[in-house]
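In case you want the letters, here they are:
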Amino acid sequence: MIEGIIVEGLIFAIMVLGILISYRILDFADLTCDGSVATGAAVCTMCIVNGYGIFVGLILAFLAGVAAGVVTALIHAKLKIPGLLAGILTMTMLYSINLRILGNKANVPLLKKVTLYTKSVDWFFALNPGVSKLIVSLFMVALVTILMDLFFRSDMGISIGALGGNEQVVISLGMSPTKLKIIGIGLSNGLIALSGGLLAQYQGFADANLGQGMVVQGLAAIMIGEFLFSSNKISLITLRAILGAIKYKALMFFVRKYGFLVGITPNDFKLLTGLLVILSLIIAKVRNKASDSNARKTAMKAFSKNGAKGEKNA
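What you are looking at is a predicted structure, and each value in this text was computed from that prediction instead of being measured.

### Focus on the overall build of the protein
Phase 1: Looking only at helices and strands, the protein has 12 helices and 2 strands in total.
Phase 2: Starting at the N terminus and ending at the C terminus, the protein contains elements arranged as α-α-α-α-β-α-α-α-α-α-β-α-α-α.
Phase 3: Within the protein, the fraction of its 314 residues that count as buried is 45%.
Phase 4: For the protein, restricting intrachain contacts to residue pairs at least 6 apart in sequence, the fraction spanning at least 24 positions comes to 76%.
Phase 5: As displayed, the protein has an accessible area near 16200 Å², and 67% of this comes from carbon and sulfur atoms.
Phase 6: Between the averaged position of the 28 positive side-chain charges in the protein and that of its 14 negative side-chain charges there is a distance of 3 Å.

Shown next as C-alpha cells:
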C-alpha cells in the first residue's frame, strides 16, 4: 500500500515539476497541462502497442509534450494572445489530437504488453513487485531532477528564471524573451507528457480524458511542498515539489479510503482539491503578512536603537 502511494506520488511529481516551471519559474499560467499529460500517455501507449518499445515511447511522449508547449508559446508570443487563453486553445485542440493518436478511441489498454513496470518485476525478481516499481520510479524521478537542476544552473536556465522574475532584465541583456519562453514552456509540457507516459504504463491504459483537473492538482502539490521549507535553490525547490506531490497523493489516498466515514465520495475529490488550493493561498497570504509585519517591527527596533545611540554620541 505504502509503495503504491509513493509510486503514484513519484510519477505525479514529474508532472508537478513541469507545472513548477511554467507557474513558478516562468510565471506563466499554462493550461496546456490538461492536454499534454494525456498526449504523453497516448503517444507512449500507442508506441508500446505497435511494438516500438518502452523507452522509445517515453522519448516520443516527451517530444510530443514539448511540441504542445511550443505551440502554446507561439500562439501567445506571435499572435499576442494572453497565456491563459493560449493554453486553453492548445488544450482544447489536443483533445481531438489525442483521440486521433489513440485510433479514434477514448481508451486504449496495455493488457499483456511489456511496460516499464512489468519489466521492473523481471529486473528485480528477488524483490516484492511493489518495491521493484518503487525503485524504477525513484530512478526516473532522480534522473529528471538531476537533469532539471543542471539545466537551471546553466546560462540558459538562469535566463529563463530571470525571465519569470523580470522580463526587462532579460531584454537589457540582449536575449529574446520569446525564445526563452518557448524553451521554458516546451520543457514544462515535455515533463508533463513524460509523466503521462509513465502513468499510462503504471495504470495499464491511456485515456483521452486523463488530464482533466491536472493543473489544479499540480498547483495543490506545489503549495503543499512550499509549506515544508523555504529556499531559493533550484535543487531544494524541486525537492519540495516532489515531496509535495507525494504528500498530495497520500492525502488523496486516505480521503478515498476513509472519506466515507464523513460522507466524502470520489466525486468530491476535485472539490476538495480546489478547496485545498484556496486554503493554501489563504495561509500563504497570512504568513506573508506576518513575515512583513515582523520585518517592519525589526526595522523599527533597529531604527530606535540607532537613534538612541546617535543622541548619546551627540
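Next comes the rest of the description.
### Examining unusual backbone geometry
Phase 1: Phi is positive for aspartate 27, which is not a glycine, with a value near 55°.
Phase 2: Within the chain, lysine 80 stands out as a residue other than glycine whose phi angle is a positive 55°.
Phase 3: Checked against the element boundaries, lysine 80 lands in the loop between α3 (54-78) and α4 (83-101).
Phase 4: Accessibility expressed as a relative area gives 68% for lysine 80, which makes it exposed.

### Focus on the packing of aromatic side chains
Phase 1: Counting across every chain of the model gives 4 aromatic pairs.
Phase 2: A ring pair is formed by phenylalanine 151 and phenylalanine 152, whose centres lie 5.1 Å apart and whose planes are at 85°; its orientation type is edge-to-face.
Phase 3: Geometrically, the ring pair formed by phenylalanine 253 and phenylalanine 254 is edge-to-face, given 5.4 Å between the ring centres and 80° between the ring planes.
Phase 4: On the basis of relative accessible area, phenylalanine 253 is assigned to the buried category, the value being 16%.
Phase 5: Look at phenylalanine 254 and you get partly exposed, because its relative accessible area is 41%.
Phase 6: One residue, lysine 249, lies across the ring of phenylalanine 12, its end atom 4.9 Å from the ring centre.

### Focus: the pattern of salt bridges
Phase 1: Per the stated rule, a full pass over the model turns up 1 salt bridge.
Phase 2: Between glutamate 226 and arginine 24 there is a salt bridge, and its shortest N-O distance comes to 2.6 Å. With glutamate 226 in helix α10 (residues 214-226) and arginine 24 in helix α1 (residues 2-25), this residue pair connects regions lying 202 residues apart in the sequence.
Phase 3: Judged by relative accessible area, glutamate 226 falls into the buried class, the value being 19%.
Phase 4: You can call arginine 24 partly exposed: its relative accessible area is 38%.

### Examining helix α2 (residues 33-49)
Phase 1: A rise of 1.5 Å per residue sets the reference length of α2, with its 17 residues, at 24 Å; its end C-alpha atoms lie 24 Å apart and thus fit the reference within 8%.
Phase 2: Summarising burial for α2: 16 of the 17 residues are buried, a large majority.
Phase 3: Looking at the residues trailing α2, positive phi occurs at glycine 51, about 80°.

### What to know about the confidence of the model for the protein
Phase 1: Mean pLDDT for the protein: 86, with 91% of residues reaching 70 or above.
Phase 2: When mean pLDDT is taken per element in the protein, α3 scores highest with 94 and helix α12 (residues 269-313) scores lowest with 68.

### Quick notes on the environment of serine 137
Phase 1: With respect to the secondary-structure elements, serine 137 resides in helix α6 (residues 129-151).
Phase 2: Placed 104 residues apart in sequence, serine 137 and cysteine 33 show a C-alpha to C-alpha distance of 21 Å.
Phase 3: Sequence-distant contacts of serine 137, defined by excluding residues within four places in its chain, comprise Val7, Leu10, Ile11 and Tyr117.

### Quick word on the side chain of threonine 115
Phase 1: Position of threonine 115 relative to the elements: it lies in the loop between β1 (107-109) and α5 (116-123).
Phase 2: By relative accessible area, threonine 115 is classed as buried at 3%.

### Quick word on the nonpolar core
Phase 1: Formed by 73 residues in total, the largest nonpolar core has its most connected members in Ile14, Met15, Leu17, Ile19, Leu198 and Tyr248.
Phase 2: Looking at this core, the element that brings in the most residues is α1, giving 14 residues.
Phase 3: Residues in contact with leucine 17, not counting those within four places in the same chain, are Val144, Thr145, Met148, Leu191, Thr238, Ala241 and Ile242.

### Digging into the environment of isoleucine 264
Phase 1: Within the fold, isoleucine 264 resides in the loop between α11 (234-258) and α12.
Phase 2: Of the residues examined, isoleucine 264 reaches a relative accessible area of 25% and is grouped as partly exposed.
Phase 3: Ignoring sequence-local partners within four residues, the contact set of isoleucine 264 consists of Val255, Gly259 and Leu272.

Calculation criteria
- Residues numbered from 1 in each chain as written.
- Predicted model: local features only at pLDDT ≥ 70, side-chain atom pairs only at ≥ 80, totals over all residues.
- Heavy atoms only, no water.
- Helix = DSSP H or I, 4+ residues; strand = E, 2+ residues; numbered from the N terminus.
- Buried < 20%, exposed > 50% of the residue type's maximum accessible area, 1.4 Å probe, protein only.
- Contact = heavy atoms within 4.5 Å.
- Areas by Shrake-Rupley, 256 points an atom, 1.4 Å probe, with all protein chains shown as cover.
- Lys, Arg positive; Asp, Glu negative; His and termini not counted.
- Charge placed at Lys NZ, Arg CZ, Asp CG, Glu CD.
- Phe/Tyr/Trp six-rings, centres within 6.5 Å; stacked < 30°, edge-to-face > 60°.
- Lys NZ or Arg CZ within 6 Å of the ring centre and 35° of its normal.
- Salt bridge = Lys/Arg side-chain N within 4 Å of Asp/Glu carboxyl O.
- Expected span 1.5 Å × (residues − 1).
- pLDDT = per-residue confidence, 0-100.
- Core = buried A, V, L, I, M, F, W, Y, C linked by side-chain atoms within 4.5 Å.

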